[in-house]
Amino acid sequence: MSPTVLTAGHVNWDVTLRVDRLPVADGEATIRSQRQSGGGSAANVAAALAGLEVDAELIGSVGDDDNGLLARRGLEETGVSLSGVRVVDGAETAVKYLLVDDDGAVSILGNDGVNEAVRPADIDADRVRAADHVHLTSQRPETAARIASIAAAADVTVSFDPGRRFGDRAYDETVAAADVLFVTEHEAAALADAAGVGSEPTDRIVAITSGGDGAEIRTPDGSYAHPGFDVDSVDTAGAGDSFAAGFLASRLEGAPIEDALEYANACGALTASREGARSAPTATEVERFLDGRVD
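Residues numbered from 1 in each chain as written. Predicted model: local features only at pLDDT ≥ 70, side-chain atom pairs only at ≥ 80, totals over all residues. Heavy atoms only, no water.

### Regarding the overall build of the chain
- Check the secondary structure of the chain and you find nine helices and 13 strands.
- Projected onto its principal axes, the C-alpha positions of the chain cover 50 × 50 × 40 Å.
- Burial status across the chain gives 53% buried among its 295 residues.
- For the chain, the share of sequence-separated contacts (at least 6 apart) that also reach a separation of at least 24 residues comes to 64%.
- For the chain, the computed accessible surface area is about 13300 Å², with 44% contributed by carbon and sulfur atoms.
- In the chain, the 23 positive side-chain charges and the 51 negative ones have mean positions that sit 5 Å from each other. (Helix = DSSP H or I, 4+ residues; strand = E, 2+ residues; numbered from the N terminus. Buried < 20%, exposed > 50% of the residue type's maximum accessible area, 1.4 Å probe, protein only. Contact = heavy atoms within 4.5 Å. Areas by Shrake-Rupley, 256 points an atom, 1.4 Å probe, with all protein chains shown as cover. Lys, Arg positive; Asp, Glu negative; His and termini not counted. Charge placed at Lys NZ, Arg CZ, Asp CG, Glu CD.)

Right, here's the structure in full:
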């Protein structure tokens, strides 16, 4: 049977605007194209995991508006279980506007809507205990801590991706409970004191992503680096989520750290070479991509 991963965090609706340049203050940019799709880090990871043939479940919240309906429908089509997703009556689903330039760089505008309506008291402990792994993303700190606490008590491994707003929120409890941390270079610096990311960690795995320059995995037994893959970057939105999904899927199948790192980088690279945050590759596509690079 496939492992089950429970993700928890934001479920959004994304509006992606491709522009000739990212506008500066008092500047102007030209919109080349527009597309809409589901988004949100937790939802993206769940969808990516489903494409990698992992049983994916999701905890999050959306409004009962059209955007929420579309977001849920898109996730259902990928095979993600939505039994843990709360639909809030009379509320608006969070919408994020992603500005993507010709080099694939991304800036984000948005409203939070009801993507953090799930509170600690809403968590079904049995759902958490039943998972083989729990992946947490940006959300209410107290909700993330509650899920992490339940998982740790049940010997369910936990990973955490704090996201761009890490510096504004108190995630100390969740960081302390995490077996795996996914961070960017910037986030790694912010986490250095709390999690030992700045040196070799003693009690966890830390994955530090560097965009097109690949990633590094730091473990109690040593560090592993992979330079990434040379692809034409079209849209980097969602690439980090795809990386996390690839790493988790590979490790849950028993792959060594260095193999999981290569697999994760392949997932991230393939996602960056396509438009949209919800463009993670399938397991077959990743295998073909890696096989094509074997001498």
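Once the structure has been displayed, the description carries forward.
### Some words on the environment of V62
- Relative to the helices and strands, V62 resides in strand β4 (residues 55–63).
- Judged by relative accessible area, which is 0%, V62 ranks as buried.
- Taking the C-alpha atoms as reference, V62 lies 6.6 Å from V11; in sequence the two are 51 residues apart.
- Apart from residues no more than four positions distant in its own chain, V62 is found in contact with V11, G68, R72, V85, R86, V87, V88, T93 and V114.

### Digging into the nonpolar core
- Core analysis: the biggest nonpolar cluster contains 51 residues, and L49, L58 and F247 have the highest contact counts within it.
- A total of nine residues in this core trace back to one element, the largest contributor, which is helix α8 (residues 257–272).
- Non-local contacts of L49, meaning those with residues more than four positions away in its chain, are made with V5, T7, V54, A56, A245, L248 and A249.
- In terms of nonpolar packing, the next biggest core, distinct from the first, is built from 27 residues, A131, L136, F160 and V183 among them. (Core = buried A, V, L, I, M, F, W, Y, C linked by side-chain atoms within 4.5 Å.)

### What to know about the packing of aromatic side chains
- A complete count under the given rule lists four aromatic pairs for this structure.
- Judged by centre distance (6.3 Å) and plane angle (85°), the rings of F182 and F243 are edge-to-face. Here F182, found in strand β10 (residues 180–184), pairs with F243, found in helix α7 (residues 239–252); they are 61 residues apart in sequence, far enough to count as distant.
- An angle of 80° between the planes, with centres 5.1 Å apart, marks the rings of F229 and F289 as edge-to-face. (Phe/Tyr/Trp six-rings, centres within 6.5 Å; stacked < 30°, edge-to-face > 60°.)

### Considering the sheet that holds strand β2 (residues 12–19)
- Across the sheet, four strands lie side by side as β3-β2-β6-β7; this open sheet has mixed pairing. Across the chains shown, the open sheet's two edge strands, defined by having one partner strand only, are β3 (31–39) and β7 (106–111). Here the average twist between neighbouring strands, direction ignored, is 20°.
- Inspection of the sheet shows strand β6 (residues 95–100) paired to β7 by six bridges, in the antiparallel sense. Bridging across to β7, L98 finds its partner in I108. (Pairing = 2+ DSSP bridges. Axes fitted to C-alpha atoms, helices over the stretch in contact; angles between N-to-C directions.)

### Comments concerning the environment of S279
- Within the element layout of this structure, S279 appears in the loop between α8 and α9 (283–291).
- Take S279: its relative accessible area is 9%, and that puts it in the buried class.
- For the pair S279 and V54, spaced 225 residues apart in sequence, the C-alpha separation works out to 16 Å.
- Excluding anything up to four places from it in sequence, S279 contacts T271 and R274.

### Looking at the pattern of salt bridges
- All chains considered together, the criterion is met by eleven salt bridges.
- A salt bridge links D124 to R127; the shortest N-O distance between them is 3.9 Å.
- For R127, a relative accessible area of 21% corresponds to the partly exposed category. (Salt bridge = Lys/Arg side-chain N within 4 Å of Asp/Glu carboxyl O.)

### Let's talk about the side chain of H135
- Tracing the backbone through its elements, the reader meets H135 in strand β8 (residues 133–137).
- Overall, H135 belongs to the buried group, its relative accessible area being 0%.
- Those residues in contact with H135 that sit more than four places away from it in its chain are V5, L6, T7, A8, V45, S159, F160, D161, F182, A244 and L248.

### Examining the packing of α8 against α9
- It is at 10 Å that the axes of α8 and α9 come closest, and there the two elements cross at 105°. As the angle between them shows, α8 and α9 are arranged roughly perpendicular. Residues E262, Y263, A266, C267 and L270 of α8 form the contact with α9, whose own contacting residues are A283, E285, V286, F289 and L290.
- The class makeup of the residues in the contact of α8 with α9 is eight nonpolar, no polar and two charged. (Parallel < 35°, antiparallel > 145°, perpendicular 65-115°, else oblique. Nonpolar A, V, L, I, M, F, W, Y, C, P; charged D, E, K, R; others polar.)

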